Amino acid sequence: MPTLVEEYASLPDYFTAERDAVSRLLNRDPRPDAVIGVYSDSGHNILAAARHHGLRVPQDLLVACISEDPDYAATTPPVTTLSLRPDRVSDEAVDLLIALINARTCVDRHRLVQPVLAPRRSTRGPVRRGNGTL
(Lines give C-alpha, C1' and ligand atoms only; values in the text may rest on other atoms or scores of the structure.)
Protein backbone atom coordinates (compact mmCIF):
# COMPACT_ATOMS: atom_id res chain seq x y z
CA MET A 1 0.00 0.00 0.00
CA PRO A 2 1.43 3.40 -0.87
CA THR A 3 2.48 5.77 1.87
CA LEU A 4 0.66 9.08 2.07
CA VAL A 5 2.37 12.11 3.58
CA GLU A 6 0.47 15.26 4.44
CA GLU A 7 2.82 18.18 5.08
CA TYR A 8 1.89 21.28 7.03
CA ALA A 9 3.52 24.35 8.54
CA SER A 10 4.05 24.06 12.27
CA LEU A 11 3.96 27.85 12.73
CA PRO A 12 2.07 29.90 13.74
CA ASP A 13 -0.51 27.33 15.00
CA TYR A 14 0.82 23.78 15.06
CA PHE A 15 -2.26 22.30 16.73
CA THR A 16 -4.75 23.55 14.12
CA ALA A 17 -2.38 22.92 11.21
CA GLU A 18 -1.87 19.29 12.21
CA ARG A 19 -5.57 18.66 12.78
CA ASP A 20 -6.33 20.17 9.34
CA ALA A 21 -3.65 17.95 7.77
CA VAL A 22 -5.17 14.85 9.38
CA SER A 23 -8.61 15.91 8.11
CA ARG A 24 -7.22 16.18 4.58
CA LEU A 25 -5.87 12.64 4.90
CA LEU A 26 -9.18 11.33 6.22
CA ASN A 27 -11.08 13.01 3.37
CA ARG A 28 -9.10 11.11 0.71
CA ASP A 29 -10.68 8.37 -1.32
CA PRO A 30 -9.70 5.77 -0.49
CA ARG A 31 -9.18 6.85 3.10
CA PRO A 32 -5.99 5.61 4.79
CA ASP A 33 -6.47 2.76 7.24
CA ALA A 34 -3.82 4.10 9.66
CA VAL A 35 -2.29 7.45 10.60
CA ILE A 36 1.05 7.91 12.37
CA GLY A 37 1.90 11.30 13.83
CA VAL A 38 5.47 12.47 14.25
CA TYR A 39 4.98 14.92 17.13
CA SER A 40 4.22 14.26 20.77
CA ASP A 41 0.72 15.79 20.55
CA SER A 42 -0.09 14.05 17.27
CA GLY A 43 -1.94 11.16 18.87
CA HIS A 44 -4.39 13.53 20.56
CA ASN A 45 -4.88 15.49 17.33
CA ILE A 46 -5.44 12.34 15.27
CA LEU A 47 -7.97 10.97 17.77
CA ALA A 48 -9.86 14.29 17.69
CA ALA A 49 -9.88 14.36 13.88
CA ALA A 50 -11.08 10.74 13.74
CA ARG A 51 -13.96 11.58 16.10
CA HIS A 52 -14.79 14.64 13.99
CA HIS A 53 -15.03 12.38 10.91
CA GLY A 54 -17.14 9.81 12.75
CA LEU A 55 -14.38 7.19 12.69
CA ARG A 56 -13.85 4.68 15.47
CA VAL A 57 -10.32 3.84 16.59
CA PRO A 58 -9.19 1.06 16.03
CA GLN A 59 -12.22 -0.35 14.19
CA ASP A 60 -12.13 2.20 11.35
CA LEU A 61 -8.70 3.78 11.74
CA LEU A 62 -5.45 2.70 13.40
CA VAL A 63 -3.55 5.45 15.25
CA ALA A 64 0.04 5.73 16.49
CA CYS A 65 2.50 8.52 17.21
CA ILE A 66 6.08 9.23 18.16
CA SER A 67 5.97 10.36 21.76
CA GLU A 68 7.43 10.01 25.23
CA ASP A 69 4.11 10.99 26.86
CA PRO A 70 2.93 8.27 29.28
CA ASP A 71 -0.59 9.75 29.20
CA TYR A 72 -1.24 7.94 25.92
CA ALA A 73 -1.76 4.80 27.99
CA ALA A 74 -4.90 6.46 29.42
CA THR A 75 -6.46 7.97 26.28
CA THR A 76 -9.63 6.48 24.80
CA PRO A 77 -8.53 4.23 23.26
CA PRO A 78 -4.95 3.99 24.50
CA VAL A 79 -2.63 5.10 21.67
CA THR A 80 0.38 3.13 20.44
CA THR A 81 3.58 5.15 20.81
CA LEU A 82 7.13 4.91 19.57
CA SER A 83 9.75 6.37 21.89
CA LEU A 84 12.94 7.58 20.25
CA ARG A 85 14.56 7.44 23.71
CA PRO A 86 15.83 11.03 24.05
CA ASP A 87 17.19 10.10 27.50
CA ARG A 88 19.52 7.48 25.97
CA VAL A 89 20.38 9.69 22.98
CA SER A 90 21.50 12.46 25.34
CA ASP A 91 23.53 10.00 27.46
CA GLU A 92 25.33 8.78 24.33
CA ALA A 93 25.91 12.35 23.11
CA VAL A 94 27.42 13.41 26.44
CA ASP A 95 29.65 10.33 26.49
CA LEU A 96 30.90 11.11 22.97
CA LEU A 97 31.51 14.76 23.87
CA ILE A 98 33.53 13.79 26.96
CA ALA A 99 35.53 11.31 24.87
CA LEU A 100 36.27 14.04 22.35
CA ILE A 101 37.27 16.58 25.03
CA ASN A 102 39.52 14.04 26.73
CA ALA A 103 40.96 12.87 23.40
CA ARG A 104 40.06 9.27 24.20
CA THR A 105 40.97 6.86 21.45
CA CYS A 106 39.27 3.61 20.50
CA VAL A 107 35.86 5.06 21.23
CA ASP A 108 33.10 3.83 18.98
CA ARG A 109 31.70 7.01 17.50
CA HIS A 110 28.81 5.22 15.77
CA ARG A 111 26.04 4.50 18.23
CA LEU A 112 22.52 3.28 17.72
CA VAL A 113 19.82 3.87 20.30
CA GLN A 114 16.98 1.42 19.81
CA PRO A 115 13.50 2.98 19.81
CA VAL A 116 10.85 1.44 22.07
CA LEU A 117 7.43 0.55 20.76
CA ALA A 118 4.51 0.58 23.22
CA PRO A 119 1.72 -1.23 21.34
CA ARG A 120 -1.73 -0.29 22.60
CA ARG A 121 -5.36 -0.76 21.59
CA SER A 122 -5.32 2.01 18.93
CA THR A 123 -3.41 -0.32 16.58
CA ARG A 124 -4.90 -3.69 17.47
CA GLY A 125 -7.03 -5.59 15.04
CA PRO A 126 -7.72 -5.17 11.34
CA VAL A 127 -9.50 -2.17 9.93
CA ARG A 128 -12.63 -3.39 8.14
CA ARG A 129 -13.83 -1.50 5.06
CA GLY A 130 -17.53 -1.21 4.26
CA ASN A 131 -17.19 -3.67 1.36
CA GLY A 132 -15.96 -6.43 3.67
CA THR A 133 -12.29 -6.13 2.74
CA LEU A 134 -9.45 -5.38 5.09
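Residues numbered from 1 in each chain as written. Predicted model: local features only at pLDDT ≥ 70, side-chain atom pairs only at ≥ 80, totals over all residues. Heavy atoms only, no water.

Caption draft 1: Molecular detail of the side chain of S67. For S67, the position within the fold is in the loop between β2 (62-66) and β3 (80-83). Separated by 3.0 Å, the side chain of S67 and the backbone nitrogen of D69 make a polar contact. In this structure, S67 is in contact with S40, Y72, T81, L82 and S83, ignoring residues within four places of it in sequence. (Helix = DSSP H or I, 4+ residues; strand = E, 2+ residues; numbered from the N terminus. Polar contact = N/O pair within 3.5 Å; in protein donor to acceptor, adjacent residues only side chain to side chain. Contact = heavy atoms within 4.5 Å.)

Caption draft 2: How the structure looks around the environment of A93. Along the polypeptide, A93 turns up in helix α3 (residues 86-101). For A93, a relative accessible area of 42% puts it in the partly exposed group. A C-alpha to C-alpha distance of 44 Å links A93 and D29, two positions 64 residues apart in sequence. (Buried < 20%, exposed > 50% of the residue type's maximum accessible area, 1.4 Å probe, protein only.)

Caption draft 3: How the structure looks around helix α1 (residues 14-26). Given a rise of 1.5 Å per residue, 13 residues ought to cover 18 Å, and the 18 Å separating the end C-alpha atoms of α1 matches this to within 8%. Buried residues of α1: Y14, A17, E18, A21, V22, S23, L25 and L26, and no others. (Expected span 1.5 Å × (residues − 1).)

Caption draft 4: Summary view of the packing of aromatic side chains. In this structure the tally under the stated criterion is two aromatic pairs. Ring centres of Y8 and Y39 lie 6.5 Å apart, and the angle between their planes is 70 degrees; this geometry places the pair in the edge-to-face category. Taken together, the positions of Y8 in the segment before α1 and Y39 in the loop between β1 (34-37) and α2 (42-52) put the pair 31 residues apart, joining distant regions of the chain. The partly exposed category is assigned to Y39, whose relative accessible area is 40%. Centroid distance Y14 to Y39: 5.4 Å. Interplanar angle 80 degrees. Geometry classified as edge-to-face. (Phe/Tyr/Trp six-rings, centres within 6.5 Å; stacked < 30°, edge-to-face > 60°.)

Caption draft 5: Layout of the pairing of β2. Most of β2 is tucked away: four of the five residues are buried. On the question of chirality, the crossover connecting β1 to the parallel β2 by way of α2 is right-handed. In this structure, β2 lies alongside β3, joined through three bridges in parallel fashion. Within β3, the residue paired with I66 across the bridge is L82. (Right-handed = clockwise from strand over helix to strand, strands pointing away. Pairing = 2+ DSSP bridges.)

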